[in-house]
Amino acid sequence: YGVPRLCSILADHGIKGSFFFSVGPDNMGRHLRRLLHPSFLLKMVRTRAASLYGWDILLRGTLWPGPVIGERLAPVIRSVAVAGHEVGLHAWDHHEWQTSIDRLAGEAIYRSIDQGMALLREVTGRSPLSSAAPAWKCNDRVLLEKAKFPYLYNSDCRGHSIFYPVVRGKEVRQPQIPATLPTYDEVIGQNGISDKTYNDYLISLLKPNGLNVLTVHAEAEGMICAALFDRFLGMVPSTGGTLVPLG
C-alpha cells in the first residue's frame, strides 16, 4: 500500500526517487524477540509501532514462513520502475541481514545479494544499479562482495559526504552516498518532536552547501505519515533546494 502512495505523492511534486526493495521472505515479525531488550521495547512504544506497521506485518514470519515479497508484489515493484524511479536492492532477507551480517562469510553474502538481484531483474526487466544495506549494517566483507556486482553506487551508511570506501588499504570503486538525515522513527516522540514539528525539524537540518539524503519508509511516509511527507516535499523548494534521486 505504501509504495504506490509514495509514487503518487512524488508524481504530484514532479519528483523521482530511489526505491530500495527487500524482495525475499518477509520475516519482519522475528524482530519481536527483541522486545526483551528495554531499548527496543521503548522504541516500539514511542513510535506507536502497532499503528505504524500493523499487526499483520509485525507478526509476519513468526508462526509460519513469510511470503516472498518480490513474487507476491511484483506488479508494485515493476510499477516503480515503469514510473521512472531508480530501483535498487535493499536485501534478499532483511531480518537475516540485520541480525546475522556480522557473522556471514563472503560466499553467503554474495549468494544473498545475487538472489535479490536475480529476482529484481526478473521483475523489472533490468539489472539494479544500486543497493542500500538494511539498517545501514555493512562491513568489509559486504563491500568486497558488492564490488562483484555492476553497482553505480551504494548507500550503506550514515555520513556527511559522498566517498569511496577503503578495504585493506585499497579503494573500492563504488561510491557510497550516505544517509545524512534521521528517519521518522528515530526522532519522533523525542526532544519534543511531534508530527506538528517534525517537518520544521527536518528543514532545520538541511545544509545548503552539503549533502542532504533523507530515507523514508513505505509503511511510514507512504501510509500513516503520507500527509506529513507531502507537506515536507512542498516545503523544500522554499529553502532553495531541489529534490533528486541518489543516482
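Residues numbered from 1 in each chain as written. Predicted model: local features only at pLDDT ≥ 70, side-chain atom pairs only at ≥ 80, totals over all residues. Heavy atoms only, no water.

**Brief notes about unusual backbone geometry**
Even without being a glycine, Trp 136 presents a positive backbone phi close to 55 degrees. By the secondary structure assignment, Trp 136 is in the loop between β3 (130-131) and α9 (140-146). With phi around 55 degrees, Arg 168 is a residue other than glycine that occupies positive phi space. By the element assignment, Arg 168 lies in the loop between β5 (166-167) and β6 (170-171). (Helix = DSSP H or I, 4+ residues; strand = E, 2+ residues; numbered from the N terminus.)

**Let's talk about the pattern of salt bridges**
If you walk through the whole model with that rule in mind, you get four salt bridges. A salt bridge links Glu 145 to Lys 148, with the nearest nitrogen and oxygen atoms 3.0 Å apart. Relative accessible area serves as the criterion here: at 10%, Glu 145 is assigned to the buried category. On the basis of relative accessible area, Lys 148 is assigned to the exposed category, the value being 54%. (Salt bridge = Lys/Arg side-chain N within 4 Å of Asp/Glu carboxyl O. Buried < 20%, exposed > 50% of the residue type's maximum accessible area, 1.4 Å probe, protein only.)

**Regarding helix α6 (residues 74-82)**
All of the buried residues in α6 are Ala 74, Ile 77, Val 80 and Ala 81. Projected onto a plane normal to the axis of α6, the buried residues spread over an arc of 125 degrees and lie on a single side. Relative to its buried face, α6 has exposed residues pointing more than 90 degrees away, namely Pro 75 and Val 82. Buried residues in α6 make contact with α1 (2-12), β1 (18-22), α5 (69-72), β2 (86-91) and α8 (106-124). (Arc of directions from axis to C-beta. Contact = heavy atoms within 4.5 Å.)

**Digging into the layout of surface pockets**
Left-over empty space is what a probe sized like a water molecule reveals as it rolls over the atoms. Quantified by volume, the second largest pocket comes out at close to 220 Å³. Around the second largest pocket, the lining is made up of 13 residues, and of these Glu 86, Val 87, Pro 128, Leu 129 and Ser 130 lie nearest the centre. At the level of secondary structure, the elements contributing two or more residues to the lining of the second largest pocket comprise β2 and α8. Among the residues forming the lining of the second largest pocket, the class breakdown is six nonpolar, five polar and two charged. (1 Å grid on protein atoms, 1.4 Å probe; cavity = no way out; pocket = protein on both sides within 12 Å on 5 of 7 lines; lining within 4 Å. Points joined across faces, edges and corners; volume = space filled by probe spheres on them. Nonpolar A, V, L, I, M, F, W, Y, C, P; charged D, E, K, R; others polar.)

**Topic: the packing of aromatic side chains**
Under the criterion given, the structure shown has four aromatic pairs. With a centroid separation of 5.9 Å and 25 degrees between ring planes, the pair formed by Phe 149 and Tyr 151 is classed as stacked. Judged by its relative accessible area of 7%, Phe 149 falls in the buried class. Taken together, the aromatic side chains of Tyr 110, Phe 149 and Tyr 151 make up a single cluster linked through ring pairs. Above the ring of Trp 136, the side-chain terminus of Arg 158 is found at 3.8 Å from the ring centroid. (Phe/Tyr/Trp six-rings, centres within 6.5 Å; stacked < 30°, edge-to-face > 60°. Lys NZ or Arg CZ within 6 Å of the ring centre and 35° of its normal.)

**Some thoughts on the environment of Ser 8**
Residue placement: Ser 8 occurs in helix α1. The partly exposed category is assigned to Ser 8, whose relative accessible area is 37%. Remark: the alpha-carbon pair of Ser 8 and Asp 230, spanning 222 residues in sequence, is separated by 9.9 Å.

**Quick word on the environment of Val 76**
Tracing the backbone through its elements, the reader meets Val 76 in helix α6. Accessibility expressed as a relative area gives 25% for Val 76, which makes it partly exposed. Sequence-wise, Val 76 and Val 3 are 73 residues apart; in three dimensions their C-alpha atoms are separated by 7.3 Å. Apart from the residues lying within four places of it in its own chain, the contact partners of Val 76 are Val 3 and Pro 4.

**Description of a nonpolar patch on the surface**
A cluster of nonpolar side chains, namely Tyr 1, Met 223 and Ile 224, defines an oily patch on the protein surface of about 380 Å² accessible area. Its place among the elements puts Tyr 1 in the segment before α1. (Patch = residues over 30% accessible without salt bridge, like charges linked within 9 Å, V, L, I, M, F, W, Y side chains within 5 Å. Areas by Shrake-Rupley, 256 points an atom, 1.4 Å probe, with all protein chains shown as cover.)

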